[in-house]
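Topology and contacts: notes
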Amino acid sequence: MSLLVNPSHPGEVLQELYLVPLGLSSLALARRIHVPRTRIERLVKGETAVSADTAMRLAKVFGTTPEYWMNLQRAWDLARVRETIDVSGIKPIAA
């Protein structure tokens, strides 16, 4: 299945592409970016979303952009909504 249809949760990306290869624990990352340990643990478990604040901090520590992290979250959110919301009965407004 395509990543556009079934994208990874941002926490999974964080774990698999950053924490594991760098040998960082959630606690070590949390300390480094000055956030509560539970914020990173919950993100990695897929229990919480990436906030703008977290995106800024992750971008700084990993040399990415906040948009990278927010786009991962946006893709995840939209994929979940597409699975649960039926918009077939909504008619477009004619211009």
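What counts, and where the lines are drawn
- Residues numbered from 1 in each chain as written.
- Predicted model: local features only at pLDDT ≥ 70, side-chain atom pairs only at ≥ 80, totals over all residues.
- Heavy atoms only, no water.
- Helix = DSSP H or I, 4+ residues; strand = E, 2+ residues; numbered from the N terminus.
- Rg over C-alpha atoms; globule rule 2.2 N^0.38 Å.
- Buried < 20%, exposed > 50% of the residue type's maximum accessible area, 1.4 Å probe, protein only.
- Contact = heavy atoms within 4.5 Å.
- Areas by Shrake-Rupley, 256 points an atom, 1.4 Å probe, with all protein chains shown as cover.
- Arc of directions from axis to C-beta.
- Phe/Tyr/Trp six-rings, centres within 6.5 Å; stacked < 30°, edge-to-face > 60°.
- Lys NZ or Arg CZ within 6 Å of the ring centre and 35° of its normal.

**Focus: the overall build of the protein chain**
- A tally of regular secondary structure across the protein chain gives five helices and zero strands.
- Seen in sequence order, the protein chain has helices and strands lined up from the N terminus as α-α-α-α-α.
- The C-alpha radius of gyration of the protein chain comes to 16 Å, more than 25% above the 12 Å expected for a compact globule of 95 residues.
- Burial statistics for the protein chain: of 95 residues in total, 27% are counted as buried.
- Long-range contacts, defined as pairs at least 24 residues apart, comprise 52% of the intrachain contacts of the protein chain with a sequence gap of at least 6.
- Accessible surface, the protein chain: about 6,600 Å² in total, of which carbon and sulfur atoms supply 58%.

**Focus: unusual backbone geometry**
- With a phi angle near 60°, H34 is a residue other than glycine that sits in the positive phi range.
- By relative accessible area, H34 is classed as exposed at 67%.

**As for helix α2 (residues 26–33)**
- Within α2, burial applies to S26, L29, A30 and I33. Along the long axis of α2, the arc covered by the buried residues comes to 100°, so they all point the same way. Turned more than 90 degrees off the buried face of α2, the exposed positions are R31 and R32.
- Residues of α2 that are buried in the fold lie against α1 (10–22), α3 (37–44) and α4 (52–62).
- Phi for H34, located one or two positions after α2, is positive at around 60°.

**Quick word on the packing of aromatic side chains**
- Taken as a whole and assessed by the stated rule, the structure comprises five aromatic pairs.
- Taking the centre distance of 4.6 Å and the plane angle of 40° together, the rings of Y18 and F62 count as tilted. Of this pair, Y18 sits in helix α1 while F62 sits in helix α4, and the two are 44 residues apart along the sequence. Just as Y18 is buried, F62 falls in that class too.
- When the centroid spacing of 5.0 Å and the interplanar angle of 85° are considered together, the rings of Y68 and W69 count as edge-to-face.
- Each residue in the set Y18, F62, Y68 and W69 is aromatic and connected to the rest through ring pairs, giving one cluster.
- Directly above the aromatic system of W76 lies the positively charged group of R80, at a separation of 4.0 Å from the ring centroid.

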